[in-house]
Amino acid sequence: MRLTTFASGSGGNCALLSMDGVHILLDAGISFRRIKENLALSGLKPEALSAVLITHEHSDHVGGLATMMKNCSVPVCAPRIVANRLRCSIAGANHFLREIPLQQDFSLGALTVRAFPTPHDTEQSVGWRVSGSGIFALATDMGCVTETVRGGLLGADAVLIEANHDEDMLCAGRYPAMLKRRILSDRGHLSNARCGELAAYLADHGTQQIVLGHLSGDNNTPAMAFRTVSAALEGKSTALYVAPASERFTLEVQKEKACSV
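Conventions we followed
- Residues numbered from 1 in each chain as written.
- Predicted model: local features only at pLDDT ≥ 70, side-chain atom pairs only at ≥ 80, totals over all residues.
- Heavy atoms only, no water.
- Helix = DSSP H or I, 4+ residues; strand = E, 2+ residues; numbered from the N terminus.
- Buried < 20%, exposed > 50% of the residue type's maximum accessible area, 1.4 Å probe, protein only.
- Polar contact = N/O pair within 3.5 Å; in protein donor to acceptor, adjacent residues only side chain to side chain.
- Contact = heavy atoms within 4.5 Å.
- Pairing = 2+ DSSP bridges.
- Axes fitted to C-alpha atoms, helices over the stretch in contact; angles between N-to-C directions.

(A) Up close: the side chain of H61. Mapped onto the secondary structure, H61 falls in helix α2 (residues 59-62). The exposure class of H61 is buried, given its relative accessible area of 0%. Polar side-chain contacts of H61 include one of 3.5 Å to the side chain of D60. Look past the residues within four positions of H61 in its chain and what remains in contact with it is N13, D27, A28, G29, I54, T55, H56, T140, D141 and H214.

In structure tokens:
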């Protein structure tokens, strides 16, 4: 199983998960042109995608979806409320949408997929868990770590989790007070420190590879996120990476023990 992130951050989110000829796009928050370019670098055309999995309807997760739907026929999987939002905002979306019940497994070729709820400032938001030769799980855009989120991530060999901001940097920054409160709320975004707590918990329960994603361009840096979470993982044999905001990053999801951070 191979994960390739195309973009991860406030400016757009999109990743590719592939195994045994099954290719899943995780969100489509960059332009369709960039999606095509990145797929081509992986030796794929958009028509080769088995599905697009959508976490929620914010533009940094679906910005390229409308153009994608106009240019190729790929199933778009989303939970009911997210699917309804997409029907309202994208003409003809219903032709492509496949509604997915929460917390129920479904199959995409050799892969088993499940959506689980995440707490964010929209009516519905989800993370995704994909099982095949390994288990990969993604959870970003969440203001706190609920038991449901822990359950969705627990036991995954590799995870991509949110390290959105450094709290001190956010509080001292230029954002208006209302936006700061929103980000810091339980339905906002996860800080580096809280991400570190989650990372340590997952490492203690078998996760071997952790990718930090959805970093704020204004209130975080890759070095700060890595340093904070790495400190939380001290002494644990778990590999730690940071997904770039707008460049490719590739990870082979593996069950064997990874190198220490």
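Next comes the rest of the account.
(B) Geometry of the sheet that holds strand β9 (residues 126-131). Ordered in space as β7-β8-β9-β10-β11-β12-β13, the seven strands form an open sheet in which the pairing is mixed. What marks the edges here is a single partner per strand, and that holds for β7 (106-108) and β13 (239-242). Across the sheet, the mean angle separating the axes of adjacent strands is 20° when strand polarity is ignored. By the bridge criterion, four bridges tie β9 to strand β10 (residues 135-139) in an arrangement that is antiparallel. Pairing of W128 across the sheet is with L138, part of β10. Against the sheet, helix α8 (residues 192-204) engages β11 (158-162) and β12 (209-213), with an angle of about 165° to β11. In the packing of helix α9 (residues 222-232) onto the sheet, contacts are made with β12 and β13, and the angle to β13 comes to roughly 160°.

(C) Local environment of the environment of L170. In this structure, L170 sits in helix α6 (residues 167-171). Through-space distance from the C-alpha of L170 to that of N219 is 5.1 Å; in sequence the pair is 49 residues apart. Those residues in contact with L170 that lie beyond four places of it in its chain are H165, Y175, K180, I183, L184 and N219.

(D) How the structure looks around the environment of I135. Structurally, I135 is set in strand β10. Taking the C-alpha atoms as reference, I135 lies 8.4 Å from K255; in sequence the two are 120 residues apart. Not counting chain neighbours up to four residues away, the residues in contact with I135 comprise R129, V130, G155, A156, D157, A158 and V253.

(E) Structural view of the sheet that holds strand β1 (residues 2-9). As summarised here, the arrangement of the seven strands in space is β6-β5-β4-β3-β2-β1-β14, forming an open sheet in which the pairing is mixed. Both edges of this open sheet fall to β6 (97-99) and β14 (249-252), since each of them pairs with a single strand only. Strand-to-strand twist of the sheet, defined as the mean angle between neighbouring strand axes without regard to direction, takes the value 25°. Where strand β4 (residues 51-53) lies against strand β5 (residues 76-78), two bridges are found, and the strand directions are parallel. Note on β5: the bridge partner recorded for V52 is V76. Packed on one face of the sheet, helix α1 (residues 32-41) meets β1, β2 (12-19) and β3 (22-26) and runs near 150° to β1.

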